[in-house]
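For reference, the chains in residue letters:
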Amino acid sequence: MRLHHVPGSRSVRVLWLLEELGLEYDIREWSLTDGSLRSADFIAMSPAGRIPALEIDGRAIFESAAIVQYLTEREGRLAPPLGNGERADFLEWISFAETQGNILQALNIQHIFLRPESARSVPLMKLDTKRLGVTARALDRHLVSSDTLLSEFSAADCMLGFNIDAVFRFLSAADYPAFAAYRDRMTARPAYQRAMERGGASMYARDFYELPDG
Ligand SMILES: N[C@@H](CCC(=O)N[C@@H](CS)C(=O)NCC(=O)O)C(=O)O
């Protein structure tokens, strides 16, 4: 099994799940900025040139949500089975993680990757920060009464693996105490710690990115 990975990116979702499941794998690390994700080799595994991809069972799978579901089905663990009352919640939270992930990606591009800074759109940054706040509020409300997304830890929590490092770079943790406490619980898990040791930590140079004036 080989995970195609960029530290701090959506591949953290899969990396963390592989550790929670105790599976054997190796890592091929890529860069988001050197053009290599558009190489024929990578496009053959992930047609949109996006991280992650997982080589497994004689093929490559792309899209983090598909990989996460495939792994839970293959291993028969960390997801409510078909017919279970929490199955719909599991599917909802997996997709929700990507809804929030897309906003985080837009903010990463504006705050970190777009250069020169004059190319950034402050109105868009403000809009996306507000939209991120709506998703964080939803999680905060849900997590007031629950330690995990479902009634017990599941791969849906791993789908937030990229998000939990990113969200509080753009939003104040003090405004979302239940979500921030969840982040602390999840990042303290031994499997999350092992994933960070093997696959590098954060892509962020700063703890918090203020909105620019304008
Ligand atoms: N829906 C996809 C999104 C994948 C994605 O956009 N990954 C980012 C890294 S977090 C990427 O590869 N970006 C490179 C690019 O956009 O060129 C998934 O969940 O796997």
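Since the structure is predicted, the reported quantities are computational estimates derived from the model, not experimental observations. (Residues numbered from 1 in each chain as written. Predicted model: local features only at pLDDT ≥ 70, side-chain atom pairs only at ≥ 80, totals over all residues. Heavy atoms only, no water.)

**Some points on unusual backbone geometry**
Of note, the bond from I51 into P52 is cis; its omega dihedral lies within 30 degrees of zero at 10 degrees. Turning to its location among the elements, P52 is positioned in the loop between α2 (40-45) and β3 (53-56). With an omega dihedral of 0 degrees, the bond running from R115 to P116 counts as a cis peptide bond. Position of P116 relative to the elements: it lies in the loop between α4 (87-113) and α5 (122-143). You will see that E63, though not glycine, has its phi angle at about 75 degrees, which is positive. (Helix = DSSP H or I, 4+ residues; strand = E, 2+ residues; numbered from the N terminus.)

**Describing the domain arrangement of the protein**
Quite often, the size of an interface is put as the accessible area lost when its parts meet. Each assigned domain of the protein is listed here: domain 1 (2-75) and domain 2 (87-189). Here the C-alpha centroids of domain 1 and domain 2 sit 20 Å apart. Each partner contributes to the interface: domain 1 provides 17 residues, whereas domain 2 provides 21 residues. Its largest share of buried area at the contact with domain 2, domain 1 owes to R10, R13 and W16, together 46% of the area lost on that side. Scanning the region where domain 1 abuts domain 2 turns up four salt bridges. (Domains from an automatic or database assignment. Contact = heavy atoms within 4.5 Å. Buried area = accessible area lost by both parts, 1.4 Å probe. Salt bridge = Lys/Arg side-chain N within 4 Å of Asp/Glu carboxyl O.)

**Description of the site of the ligand**
Contacts to the ligand come from 13 residues, most closely from R38, R50, I51, E63 and S64. Protein chains shield 86% of the accessible area of the ligand, which is 510 Å² for the free molecule. Applying the majority rule of atoms within 2 Å of the grid points places the ligand in the largest pocket. Taken together, the residues that form the shell around the ligand break down as four nonpolar, three polar and six charged. (Near = heavy atom within 4 Å. Areas by Shrake-Rupley, 256 points an atom, 1.4 Å probe, with all protein chains shown as cover. 1 Å grid on protein atoms, 1.4 Å probe; cavity = no way out; pocket = protein on both sides within 12 Å on 5 of 7 lines; lining within 4 Å. Sits in = over half its atoms within 2 Å of the grid points. Nonpolar A, V, L, I, M, F, W, Y, C, P; charged D, E, K, R; others polar.)

**Regarding the pairing of strand β2 (residues 26-29)**
In this structure, strand β1 (residues 2-5) lies alongside β2, joined through four bridges in parallel fashion. For H5, the partnering residue across the bridge sits in β2 and is E29. (Pairing = 2+ DSSP bridges.)

**Describing the packing of aromatic side chains**
Per the stated rule, a full pass over the model turns up nine aromatic pairs. A centroid spacing of 5.2 Å and a plane angle of 90 degrees characterise the contact between W16 and Y192, whose relative ring orientation is edge-to-face. On the criterion of sequence distance, the pair formed by W16 in helix α1 (residues 11-21) and Y192 in helix α9 (residues 190-199) is long-range, its members being 176 residues apart. Exposure remark for W16: the relative accessible area of 0% places this residue in the buried category. Through pairs of rings, three or more aromatic residues link up here, namely W16, F153 and Y192. Sitting above the plane of the Y25 ring, R198 keeps its charged end 4.0 Å from the centroid. (Phe/Tyr/Trp six-rings, centres within 6.5 Å; stacked < 30°, edge-to-face > 60°. Buried < 20%, exposed > 50% of the residue type's maximum accessible area, 1.4 Å probe, protein only. Lys NZ or Arg CZ within 6 Å of the ring centre and 35° of its normal.)

**Quick look at the sheet that holds β3**
The four strands lie next to each other as β2-β1-β3-β4, forming an open sheet whose pairing is mixed. Among the strands making up the open sheet, the edge pair consists of β2 and β4 (59-62). On average, each strand axis in the sheet is tilted by 20 degrees relative to the strand beside it, whichever way the strands run. Sheet topology places β3 next to β4; four bridges connect them, and they run antiparallel. Among the inter-strand pairings, I56 is bridged to a residue of β4, identified as R59. Strands β1, β2 and β3 of the sheet are contacted by α1, whose axis makes an angle of about 150 degrees with β1. (Axes fitted to C-alpha atoms, helices over the stretch in contact; angles between N-to-C directions.)

**Looking at a nonpolar patch on the surface**
A contiguous nonpolar patch, built from L32, I109 and F113 and spanning about 240 Å² of accessible area, is present on the exposed surface. Position of I109 among the secondary structure elements: in helix α4. Using a relative accessible area of 39% as the deciding quantity, one classes I109 as partly exposed. (Patch = residues over 30% accessible without salt bridge, like charges linked within 9 Å, V, L, I, M, F, W, Y side chains within 5 Å.)

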